[in-house]
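Spelled out, the chains give:
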Amino acid sequence: MGQQSGQTKQTSMSGQSASLSDQDLLQLALNETKHTATAVNAFALEAASETLRRDYLTILGDVHSREKQIFDLMQQKGYYNIKNATPQDISQAQSKFSNQAQ
């Protein structure tokens, strides 16, 4: 893998090259970490041994820590912007979900 101007990575696939930005790479890392957390959570729930279950839960905590680090880095770089909910947004969500529950 080569590096281009510090912001783009080059990857060779079947003789073709594709450019991945830092944002793309971080998004891939975040997505993979989420998938890993889902899988490890399932393993923990299905573990027959209490020792194995505790080990999986420890691993799950580590995965969640990594996920938070990636998320924080993406926010710091401006790749993952969060919009704060207004009181109107909250009211609309409450109405929507209370109607679905009926």
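Keep in mind that this is a model prediction, so the values were computed, not measured.

### A word on the confidence of the model for the chain
Detailed reading of the predicted coordinates is not advisable wherever pLDDT is low.
And then number 1: Of the residues in the chain, 81% reach a pLDDT of 70 or more, and the chain-wide mean stands at 86.
And then number 2: Contacts for the low-pLDDT stretch residues 1–6, under 50 throughout, to residues beyond four places or in other chains number 11 contacts.

### Re helix α1 (residues 22–46)
And then number 1: If you check α1, its first and last C-alpha atoms are 36 Å apart, about what 25 residues at 1.5 Å a residue would give, namely 36 Å.
And then number 2: The set of residues buried in α1 consists of D22, L26, L30, T33, A37, V40 and A44.

### Regarding the pattern of salt bridges
And then number 1: One pass over the full model with this rule turns up 3 salt bridges.
And then number 2: A salt bridge links D72 to K68, with the shortest nitrogen-to-oxygen separation between them at 2.6 Å. Taken together, the residues D72 and K68, both in helix α2 (residues 50–76) and 4 residues apart, mark about one turn of the helix.
And then number 3: The class for D72 is partly exposed, based on a relative accessible area of 32%.
And then number 4: A residue is classified by how much of its surface remains accessible, and K68, at 46% relative accessible area, is partly exposed.
And then number 5: D89 is the partner of K83 in a salt bridge, and the nearest nitrogen-oxygen pair spans 3.4 Å.
And then number 6: You can call D89 partly exposed: its relative accessible area is 24%.

### Regarding α2
And then number 1: Taking 1.5 Å per residue, 27 residues should reach 39 Å; α2 reaches 39 Å between its end C-alpha atoms and fits that length.
And then number 2: Turning to α2, its buried residues are L60, V63, E67, I70 and M74.
And then number 3: Looking at the packing, one finds that the buried side of α2 touches α1.
And then number 4: With a side-chain oxygen lying 3.3 Å from the backbone nitrogen of T51, the N-terminal cap of α2 falls on S49.
And then number 5: Two residues or fewer past α2, G78 is found with a positive phi of approximately 85°.

### A look at the packing of α1 against α2
And then number 1: Contact pair α1 / α2: the axes reach a minimum separation of 9 Å and the direction vectors enclose 160°. It follows from the interaxial angle that α1 and α2 lie roughly antiparallel. As α1 packs across α2, the resulting crossing turns out to be left-handed.
And then number 2: Here the residues of the contact of α1 with α2 are counted per class, giving 16 nonpolar, 5 polar and 4 charged.

### As for the packing of aromatic side chains
And then number 1: By the definition in use, this model includes 2 aromatic pairs.
And then number 2: Arranged with centres 5.5 Å apart and planes meeting at 45°, the rings of F43 and Y56 form a pair that is tilted. Here Y56 lies in helix α2 and F43 lies in helix α1, a separation of 13 residues in the sequence.
And then number 3: Here F71 and Y80 contribute two aromatic rings whose centre-to-centre distance is 4.9 Å and whose plane-to-plane angle is 65°, an arrangement assigned as edge-to-face.

The rules behind each value
- Residues numbered from 1 in each chain as written.
- Predicted model: local features only at pLDDT ≥ 70, side-chain atom pairs only at ≥ 80, totals over all residues.
- Heavy atoms only, no water.
- pLDDT = per-residue confidence, 0-100.
- Contact = heavy atoms within 4.5 Å.
- Helix = DSSP H or I, 4+ residues; strand = E, 2+ residues; numbered from the N terminus.
- Expected span 1.5 Å × (residues − 1).
- Buried < 20%, exposed > 50% of the residue type's maximum accessible area, 1.4 Å probe, protein only.
- Salt bridge = Lys/Arg side-chain N within 4 Å of Asp/Glu carboxyl O.
- Polar contact = N/O pair within 3.5 Å; in protein donor to acceptor, adjacent residues only side chain to side chain.
- Axes fitted to C-alpha atoms, helices over the stretch in contact; angles between N-to-C directions.
- Parallel < 35°, antiparallel > 145°, perpendicular 65-115°, else oblique.
- Left-handed = near helix turned anticlockwise from the far one by under 90°.
- Nonpolar A, V, L, I, M, F, W, Y, C, P; charged D, E, K, R; others polar.
- Phe/Tyr/Trp six-rings, centres within 6.5 Å; stacked < 30°, edge-to-face > 60°.

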